[in-house]
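Below, each chain spelled out in residue letters.
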Amino acid sequence: MNLVSVAFRNLTRKKVRTVLTIGGVAIAIAVLVSLRGFDTGYQRSLKTDIDKMGYQLLITAKGCPYEAATLMLKGGGGLRYMEEAVYDKITSDPRIDKITPQLVSTAYDPERQDGRGGIALYMGIEKSYIELKPWSKFKSGGWFSGLDADEVIMGYEAAELEQRSVGDKIFVPGKDKVLKVAGIFERTGTQDDGMIFMPLKTAQNIFNLPGKLTGIGIKLQDLGQLSKFEEDLYNEPGIQIISLAQVKGTILNLVSSAKAMTSSVAFIAIIIAVIGVVNTILMSVFERTSEIGVMKAIGASRLDVFKIIWVETTLICVLGGAIGDVVALLGGKTVEIILKKVLPYAPNGQLVVITPDAIILSFIGAVVIGLIAGIYPAYRAASMKPIEAIRRGE
Amino acid sequence: MANEIIIKAQNLVKIYMRGTEKVYAVNGVDIIIMAGEFVALMGASGSGKTTLLDLVGCLDNATSGSLEVFGRDVSRAKEKSLVILRRGHIGFIFQEFLLIPTLTVLENIELPLYFARLPQVKSDLKELLKKIGLGHRINHLPKQLSGGERQRVAVARALAINPKFLIADEPTGNLDTKNSQEIVDLFKKLNKEEGLTIILATHNPTLGSQAHRIVNLRDGKIV
């Protein structure tokens, strides 16, 4: 005689009811695990995105710093321009380890997306740009042949999209200009993958923005000097300094307030599931009143009856937890696709990361929920008086 | 052995409350049952035979009077000590059979041993089932059995712990004449060959007349 198999067979009596109850637990656990997975994945991806910019500070023209930073992350255009003179002025500051000027511009390409049209992103850079990103490697080709060469280096995805290899020609839409592909970067998993790079001077010429920049990326020798450095630049007209750590913090703050809301949704789902479990087991206890009575008559102690009902409840939650975990694992990709469509800013990389921790914790949580949910029905069953239970059930 | 007193009740009273009305289900019963007896409690429904069986079977507490089972006063014992008495020494058979529908015949019979924390020797149980003519039904579920077979499984369940006495409440109430007689024959055989004490409640005179002793009850009193 084995309690678990006895309990399991009791659950198979009303199959539909049991399946629905297990489903309720599974959904609650799947929601919980997916949300946790999203939280982990989003933070990780955002961190990677920002860390892979290679610099800690971004100087831009005055405007909303977060808008500017988000645009940088998205690789979007529409930025304000600042004077290159700022770069010349601060570049010799001894506290700076590396510094790189950038000019981002966009062009509408009617041929993109199979003729539906799309925005092509261009960035004018200098050699220091890839010095800040030591992980950027050439898949083929190499660096520009000169400071104002009519050449481009393409990000991995941009090259795929445009079907270009080294030596091919590329046309900047609307700017009567043909450039030659000098190199193609390997995939980095960042916004650089979709970018078309050209020498800073070339970009300034093509887009008719002589002496202009959209941003300056700076990496300091010592991060401890950050606030002093910011203070010194504070009075510089027309510019602002954005610390990427702050941007990261702000985005994560926004995300965590959304998380608080979604967590309460998951919490409510769990409470509903628990109520469902208690209801199901309590109903099955009342349906089996005379059976429980007879078990007590033939020698079941309070503890024996309590255990039988408790095991049934726990079994429901264990099964529900296991199914919920599997659903979360299998459904993670789908959730990811939906989130990427819905979110205004989604970092590159995997958005939903379901860690073994989340699986193990949620499973343990389901077991604990089962143990707690089982207490009341098991107590009710154990407290039945044998004689009354037999007569009432008749 | 034959002179051993198994049950001794003196002025035993059990009062139920039905709303605000007091119901004297058992009203001053004196009875002694010796080991090896086959006793039939008889009377119309409401005469108190089931209530008396519940008390004697240690399923319920008396309101007043004394009740000794194996020399121990159990009239007001706690459920905790009653369950130990029941699972060690008393076999129960009910009118509705009350088998556990999800368990097989063999598992139903194992159940009292499981609760009594006794070793479950499968070969012994199979032997027991063969003895009562259910050797071929071991792995069937109760719903696959006829009424007569179900009640025989219930008898086997009651016998599994080797009880000192058997309590049977209208054991043939849901059976036809042929199956009823088979159950009674089984009782007679157990009583005669193994000396098992049997206390049976019934309102069926044919059945009752086959016991050694008939105790007639009316309005909770022995008449």
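Quick caveat, the model's predicted, so the values are computed rather than measured.

Turning to the overall build of chain A, a few remarks are in order. From N to C terminus, chain A includes 14 helices and twelve strands. If one aligns the C-alpha atoms of chain A with their principal axes, the spans along those axes are about 100 × 50 × 30 Å. Among the 394 residues that make up chain A, the fraction classed as buried is 39%. Long-range contacts, defined here as pairs at least 24 residues apart, represent 83% of the contacts in chain A between residues at least 6 apart.

On to the overall build of chain B. Per the secondary structure count, chain B includes seven helices and ten strands. Against the globule reference of 17 Å for 223 residues, chain B gives a C-alpha radius of gyration of 17 Å, in line with a compact fold. Taken over the C-alpha atoms alone, chain B extends approximately 50 × 40 × 35 Å along its principal axes. The contacts in chain B between residues at least 6 apart in sequence include a share of 71% that link residues at least 24 apart.

Before going further, it helps to spend a moment on the interface of chain B and chain A. Listed by partner, the interface residues are 21 residues for chain B and 17 residues for chain A. Every element with two or more residues in the side of chain B that touches chain A is listed here: helix 2 (79-89) and helix 3 (105-115) of chain B. Sort the elements by how many residues they give to the side of chain B that touches chain A and helix 3 of chain B lands first, with six residues. Across the side of chain B that touches chain A, the residue classes tally to eleven nonpolar, two polar and eight charged.

Residues and elements named next belong to chain B. The antiparallel open sheet is built from four strands, whose spatial order is 2-1-4-5. In the strand order of this sheet, the two ends are held by strand 2 (21-34) and strand 5 (72-73), each with one partner. Of the strand pairs in this sheet, strand 1 (residues 5-18) and strand 4 (residues 64-69) are connected by five bridges, and their pairing is antiparallel. Looking at the pairing, Ala9 lines up with Leu67 of strand 4. On top of the sheet, helix 1 (residues 49-56) reaches strand 1, strand 2 and strand 4; it is set at about 60° to strand 2, its chief contact.

Our focus in this paragraph is the environment of Lys14 of chain A. Residue and element names in this part refer to chain A. Examined against the element boundaries, Lys14 turns out to sit in the loop between helix 1 (3-11) and helix 2 (15-51). Using a count of 15 C-beta atoms within 10 Å as the deciding quantity, one classes Lys14 as partly exposed. Residues Lys14 and Gln225 lie 211 residues apart in sequence; the distance between their C-alpha atoms is 69 Å.

Moving on, we come to the sheet that holds strand 8 (residues 197-202) of chain B. Residues and elements named next belong to chain B. Strand order in the open sheet formed by six strands is 6-7-8-3-9-10, with mixed pairing between adjacent strands. Across the chains shown, the open sheet's two edge strands, defined by having one partner strand only, are strand 6 (90-93) and strand 10 (221-222). For strand 3 (residues 38-42) and strand 9 (residues 213-218), the ladder comprises four bridges, and the chain directions are parallel. Its bridge partner being in strand 9, Leu41 is matched across the sheet by Val215. Helix 1 rests against strand 3, strand 7 (165-169), strand 8 and strand 9 of the sheet, and its axis sits at about 155° to strand 8.

All names here are of chain B. Spanning 13 residues, helix 5 (residues 147-159) covers 18 Å between terminal C-alpha atoms, matching the ideal 18 Å at 1.5 Å per step. The buried fraction of helix 5 amounts to ten of the 13 residues, a majority that puts the element mostly inside the structure. Regarding helix 5, the residues found buried are Arg150, Gln151, Arg152, Val153, Ala154, Val155, Ala156, Arg157, Ala158 and Leu159. The elements touched by buried residues of helix 5 are strand 6, helix 3, helix 4 (122-131), strand 7 and helix 6 (177-194).

Another point: the nonpolar core. Among the nonpolar cores identified, the biggest contains 166 residues, and Val25 and Ile196 of chain A together with Leu41 and Ile199 of chain B are the most heavily contacted of them. Counting the residues that make up this core, at least three belong to each of domain 1 (3-49 + 254-393) and domain 2 (63-237) of chain A. Once residues lying within four places of it in the same chain are set aside, the contact partners of Leu41 of chain B are Lys49, Leu52, Leu53, Ile199, Leu200, Ala201, Val215 and Leu217 of chain B.

Turning our eyes to something else, we now look at the confidence of the model for chain A. Looking at chain A, pLDDT values average 87 and 94% of them are 70 or higher. Mean pLDDT across the secondary structure elements of chain A bottoms out at helix 3 (residues 65-74) of chain A, with 63, and peaks at helix 13 (residues 356-383) of chain A, with 94.

Turning our attention to unusual backbone geometry. All names here are of chain B. Positive phi values are uncommon outside glycine, yet Cys58 reaches one of about 60°. Its place among the elements puts Cys58 in the loop between helix 1 and strand 4. With 24 C-beta atoms counted inside 10 Å, the residue Cys58 sits in the buried group. Positive phi, normally seen in glycine, also occurs at Asn162, with a value near 55°. On the secondary structure map, Asn162 appears in the loop between helix 5 and strand 7.

Residue and element names in this part refer to chain A. Note that Gly174 resides in the loop between strand 7 (169-172) and strand 8 (177-185). Taking the C-beta count within 10 Å as the criterion, Gly174 has 10 such neighbours and is therefore assigned exposed. With near-sequence residues (within four places) excluded, Gly174 lies in contact with Ala107 and Tyr108.

So, on to the packing of helix 3 of chain B against helix 5 of chain B. Residue and element names in this part refer to chain B. Two elements in contact, helix 3 and helix 5, have axes separated by 7 Å at closest approach and are oriented at 30°. The angle between the axes of helix 3 and helix 5 places the two elements in the roughly parallel class. Relative to helix 5, the crossing made by helix 3 is right-handed. Of the residues in helix 5, those in contact with Val105, Asn108, Ile109, Leu111 and Pro112 of helix 3 are Val153, Ala156 and Arg157. Residue composition of the contact of helix 3 with helix 5, grouped by class: six nonpolar, one polar and one charged.

Another aspect to go through is helix 1 of chain A. All names here are of chain A. Within the sequence span of helix 1, burial applies to Ala7, Asn10 and Leu11. Down the axis of helix 1, the buried side of the element spans an arc of 100°, and every buried residue falls inside it. Tucked into the core, helix 1 has its buried residues touching helix 2, helix 10 (244-287) and helix 12 (302-342).

It is worth spelling out the packing of helix 2 of chain A against helix 10 of chain A at this point. Packing of helix 2 of chain A against helix 10 of chain A brings their axes to within 9 Å, and their N-to-C directions diverge by 170°. With respect to helix 10 of chain A, the element helix 2 of chain A is oriented roughly antiparallel.

What counts and how
Residues numbered from 1 in each chain as written. Chains lettered and ligands numbered in written order. Predicted model: local features only at pLDDT ≥ 70, side-chain atom pairs only at ≥ 80, totals over all residues. Helix = DSSP H or I, 4+ residues; strand = E, 2+ residues; numbered from the N terminus. Buried ≥ 20, exposed ≤ 12 C-beta atoms within 10 Å, placed from the backbone. Contact = placed C-beta atoms within 7 Å. Rg over C-alpha atoms; globule rule 2.2 N^0.38 Å. Nonpolar A, V, L, I, M, F, W, Y, C, P; charged D, E, K, R; others polar. Pairing = 2+ DSSP bridges. Axes fitted to C-alpha atoms, helices over the stretch in contact; angles between N-to-C directions. Expected span 1.5 Å × (residues − 1). Core = buried A, V, L, I, M, F, W, Y, C linked by C-beta atoms within 7 Å. Domains from an automatic or database assignment. pLDDT = per-residue confidence, 0-100. Parallel < 35°, antiparallel > 145°, perpendicular 65-115°, else oblique. Left-handed = near helix turned anticlockwise from the far one by under 90°. Arc of directions from axis to C-beta.

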